[in-house]
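Summary of structural features
Chain by chain, the residues:
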Amino acid sequence: MKILVDINHPAHVHYFKNFIWGMQKKGHDVLITASEKDVAHALLDHYCFDYIPMGNYGNSLVEKLINIPIMDLRLFKKTRLFNPDIFIGFGSIRGAHTAKLMKKPCINLDDTEHSVQEHLLYIPFTDVVLTPNCFKRDLGKKQIRYNGYTELSYLHQNYFTPNSEVLDEIGLRKDDPFIILRLVAWTASHDVGQNGIKNKVELVRELERYGHVLITSEGKLEKDLEKYKARISPEKMHDLLYYASLYIGEGATMATEAALLGTPSIYISSLTGTMGNFNELEENYGLLYCYHDTKDALLKAIELIREPDIKVELQKKRKILLEEKIDVTAFMIWLVENYPESCKAIREDPSYQDKFK
């Protein structure tokens, strides 16, 4: 089988890396196409993946709309000789369009309910949309729900083992309290009009009273915050998150990652309450705390940092979650390798996915 995996964000490298290795191990041919977004290419290089660079869609909504047909044509030209049997991506607009043009099936993952514009652009052209069970929107007959989260494709215990050497790299010990702060650029089309942390400098000054503050940011940092920048290789971020005393930030993916790793996780965004995975992690598992207001979030952060056994308690909750959720990568491999019969089987009996727990 020939499979095209389309990458549009650094997180997508993690979503699909174990899937790619798994399919290659089974003898399938995989072609990767990748946008030039943040550290996406650096991650692909680190994992020694061959890929076709695709440039990027731009930053503004107007630029992105203008570049959609350009990206579609570029993907078609670069992949037609490979002639994939199936396309897969995460909300991949160009993947869905090109697959339809080549009369090939396309599977897209999605976990972002408020990405309405992207849904309008790719769902009519895709064949299957995979979403977590807790996804709030009904996307129609193409939607298949699974009992897991996208981030479990790489943070499931079958794939992730924390490496404490990352602490040596930044000069910390296991018992040194430190806080990871994530800032986003708010340039994604689904982030237009949204906002997160107010007065970042003041927040950092309050947080550093309780531990080292390490900032990871999509955009350029303010001058007063530059000294807090986390200077580690991007592939080591999950190790750092695992050992952190606290995660706090505007990054939805990193907030979910921290929660799934059993690290106290606080999400600050005007989007709070709109995403099913956040509601489930907060209400069902107690692994995440969501706030609109930065001051309220800071009070919770101080409370969590002061609680001596918080990580022990969260690790217990994490264990319960992992026992209840499926191995998302194993599920994806089965779904793609046995497509389209696999989709028919899971629609007729959604409990079939329990085989992947």
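Heads up: these notes are all about the structure in this document. Each chain has its residues counted from 1, running along the sequence as written. Note on the predicted model: pLDDT of at least 70 is required for a residue's local features to be given, and 80 or more for side-chain atom pairs to be given and counted; whole-chain, interface and lining totals, by contrast, use all residues. To obtain the side-chain values, all non-hydrogen atoms of the structure were used and water was disregarded.

Structural notes on helix 8 (residues 200-207)
- The complete set of buried residues in helix 8 reads Val201, Leu203, Val204 and Leu207. One side of helix 8 holds all its buried residues, which, seen down the axis, span an arc of 160°.
- Buried-residue contacts for helix 8 involve strand 8 (178-183), strand 9 (212-217), strand 10 (246-249) and helix 12 (294-306). Per-residue accessibility, obtained with a 1.4 Å probe over protein chains only, is compared with the maximum for each type, and a residue is labelled buried under 20%, exposed over 50%, and partly exposed between these values. Helical segments are the DSSP runs of H or I of at least four residues, strand segments are the runs of E of at least two, and each set is numbered from the N terminus. Our arc is simply the arc of the directions from the helix axis toward the C-beta atoms. Residues are treated as being in contact if the distance between any of their heavy atoms lies within 4.5 Å.

Some details on the sheet that holds strand 1 (residues 2-7)
- With parallel pairing, the seven strands of this open sheet are ordered in space as 3-2-1-4-5-6-7. At either margin of the open sheet sits one strand with a lone partner, and together these are strand 3 (52-53) and strand 7 (143-146).
- Strands were regarded as paired on the criterion that DSSP finds at least two bridges between them. Two strands pair when backbone bridges link them, and strand 5 (residues 106-109) and strand 6 (residues 128-132) are joined in this way by three bridges, in the parallel orientation. From the neighbouring strand, Leu109 faces strand 6, where its bridge partner is Leu130.

Quick word on the pairing of strand 11 (residues 265-268)
- Neither face of strand 11 is open: one carries Ser265 and Tyr267, the other Ile266 and Ile268, and all of them are buried.
- The pairing of strand 10 with strand 11 spans three bridges and is parallel. Directly across from Tyr247, in strand 11, lies its bridge partner Ser265.
- Since strand 10 and strand 11 lie parallel, the crossover through helix 10 (residues 252-260) that links them has a hand, and here it is right-handed.
- Sheet topology places strand 11 next to strand 12 (residues 289-291); three bridges connect them, and they run parallel. Each residue of the ladder has a partner; that of Ile266, found in strand 12, is Tyr289.
- As for the winding sense of the linkage, the β-α-β connection from strand 11 through helix 11 (residues 276-283) to strand 12 is right-handed. A right-handed crossover is one whose linking path, passing over the helix from the first strand to the second, runs clockwise when the strands point away from the viewer.

Here's the deal with the sheet that holds strand 8
- Ordered by their spatial adjacency, five strands build an open sheet running 9-8-10-11-12, and the pairing between neighbours is parallel. Across the chains shown, the open sheet's two edge strands, defined by having one partner strand only, are strand 9 and strand 12. Neighbour to neighbour, the strand axes of the sheet diverge by 15° on average, direction disregarded.
- To obtain an axis, a line is fitted to C-alpha atoms, over the contacting stretch when the element is a helix, and the angle between two such axes runs from 0 to 180 degrees between their N-to-C directions. Of the strands in this sheet, strand 8, strand 9 and strand 10 are in contact with helix 8, which crosses strand 8 at around 170°.
- The strands that helix 10 touches are strand 8, strand 9, strand 10 and strand 11; relative to strand 11, the one it contacts most, it runs at about 160°.

Quick look at the packing of helix 14 (residues 328-337) against helix 15 (residues 341-348)
- The geometry of helix 14 relative to helix 15 is characterised by a closest axis approach of 6 Å and an angle of 120° between their N-to-C directions. Between helix 14 and helix 15, the angle falls in the class oblique. Contact with helix 14, carried on its side by Phe331, Trp334 and Leu335, involves Ser342, Cys343, Ala345 and Ile346 of helix 15 and no other residues of that element.
- Polar here means any residue outside two lists: the nonpolar Ala, Val, Leu, Ile, Met, Phe, Trp, Tyr, Cys and Pro, and the charged Asp, Glu, Lys and Arg; Gly therefore counts as polar. Its residues placed into classes, the contact of helix 14 with helix 15 shows six nonpolar, one polar and no charged. Note on angle classes: values under 35 degrees are labelled roughly parallel, values over 145 roughly antiparallel, values of 65 to 115 roughly perpendicular, and the remainder oblique.

Remember, this is a structural readout, not a statement about activity or role.
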